[in-house]
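Inside the fold
Residue-level listing of the chains:
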Amino acid sequence: MKMLNHCSIDFTSIPENVGFARVAIAAFASQLDCTLPELEEIKVAVSEAVGNAILHGYRNKPDKIVRVTATIYKEGLEIQVADEGIGIRDIHLAMQPAYSTDPERMGLGFVFMQSFSDRMQVDSQPEKGTTVTMFKRIGLRGARARTRAN
Amino acid sequence: MENITNAEEAGTVMQVDIEQKQDTLLVRLGGEMDFGVADKLRKALDNELVEKRAKNLVINLSRVTFIDSSGLGVILGRYKRLVNSGGKVILVGAQPQVHRILELSGLVQIMEEYPDETVALAKIV
């Protein structure tokens, strides 16, 4: 896939940055002429991934770094959310709907990330961290950005 | 009207307006219901429920512009708590993008939902 544009943002692992991250990535994604529902889906997916990184990866420690990168390809948008936290021991279990380590959360984070992207991959190693990669096809509407780049 | 900010230095991201109607709390929320405000919102609602001895909760979501699973968790947590003690939680007026998330989560399948506050309050008495 040919990369057309890329951005990378590092920020501290505080809950306030969940809103910042989703707005920043949605602004970047808007270069692709996404529909409003697509932008909403991107925002929810980024919120879930960043929220997981802070809450589960770093267990709410506020002095860690979350890295969010977004890359525009001819075919669509790739978003990566990475932490260097505790990692996930059983990715398969963590991705089950309604699985949650916190009774007040719904265990829907991965469900939303999966529903709102065309491909999702989770790479995680205990004590090393977790990287969630999501790819979303942004159909023909992205033609304007691609034509510019070509 | 109470404002819930997600950090001492950060701007206001969620507005909370609470009114008591007999044994029901009518809560009008505005802004973004995400991980950044979930804890404070949860505590604010729980405090009011205890203080006002409310049995039911009507949540007006018409000014909520964004919700993620943390925001849904706040609603679900209050639902479990009130339903266990014989009360009701009713949702009102979610915008389309918020409603879609409520649908995907299954919350609207288990909770009552009405287009406006008057109808919702009438369903409680």
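Thresholds, definitions, all that
- Residues numbered from 1 in each chain as written.
- Chains lettered and ligands numbered in written order.
- Predicted model: local features only at pLDDT ≥ 70, side-chain atom pairs only at ≥ 80, totals over all residues.
- Helix = DSSP H or I, 4+ residues; strand = E, 2+ residues; numbered from the N terminus.
- Buried ≥ 20, exposed ≤ 12 C-beta atoms within 10 Å, placed from the backbone.
- Contact = placed C-beta atoms within 7 Å.
- Nonpolar A, V, L, I, M, F, W, Y, C, P; charged D, E, K, R; others polar.
- Core = buried A, V, L, I, M, F, W, Y, C linked by C-beta atoms within 7 Å.
- Axes fitted to C-alpha atoms, helices over the stretch in contact; angles between N-to-C directions.
- Parallel < 35°, antiparallel > 145°, perpendicular 65-115°, else oblique.
- Left-handed = near helix turned anticlockwise from the far one by under 90°.
- Expected span 1.5 Å × (residues − 1).

The next subject is the overall build of chain A. The helix and strand tally for chain A stands at five helices and five strands. Reading chain A from its N terminus to its C terminus gives the helix and strand order β-α-α-β-β-α-α-β-β-α. Among the 150 residues that make up chain A, the fraction classed as buried is 41%. Long-range pairs, those at least 24 residues apart, make up 69% of the contacts in chain A with a sequence separation of at least 6.

What follows deals with the overall build of chain B. Counting secondary structure elements, chain B contains five helices and six strands. With 125 residues in all, chain B has 42% of them scored as buried.

Turning our eyes to something else, we now look at the interface of chain A and chain B. Taken together, the contact between chain A and chain B spans 17 residues of the former and 21 residues of the latter. Of all elements in the fold, only α1 (16-29), α2 (36-57) and α4 (109-115) of chain A reach the threshold of two or more residues within the side of chain A that touches chain B. The element that contributes the greatest number of residues to the side of chain A that touches chain B is α2 of chain A, accounting for six residues. Of the residues belonging to the side of chain A that touches chain B, the class tally is six nonpolar, five polar and six charged.

Turning next to the nonpolar core. Ranked by size, the top nonpolar core spans 69 residues in total, and within it I25, A45, V46, V50 and V81 of chain A together with I59 of chain B carry the most contacts. Looking at this core element by element, the count peaks at nine residues for α2 of chain A. In this structure, A45 of chain A is in contact with I79, F112, M113, F116, S117 and M134 of chain A, ignoring residues within four places of it in sequence.

Attention shifts here to the packing of helix α1 (residues 35-51) of chain B against helix α2 (residues 69-84) of chain B. All names here are of chain B. The geometry of α1 relative to α2 is characterised by a closest axis approach of 8 Å and an angle of 20° between their N-to-C directions. By the angle between their axes, α1 is roughly parallel relative to α2. Two packed elements cross with a definite hand, and for α1 against α2 that hand is right-handed. Residue-level inspection shows F35, A38, L41, R42 and L45 of α1 in contact with α2, the latter providing S70, G71, G73, V74, G77 and R78. Across the contact of α1 with α2, the residue classes tally to five nonpolar, four polar and two charged.

Below, the discussion takes up α1 of chain B. When the terminal C-alpha atoms of α1 of chain B are compared, their 25 Å separation across 17 residues agrees well with the 24 Å that a helix rising 1.5 Å per residue should span. Phi turns positive one or two residues past the end of α1 of chain B, at R53 of chain B, with a value near 50°.

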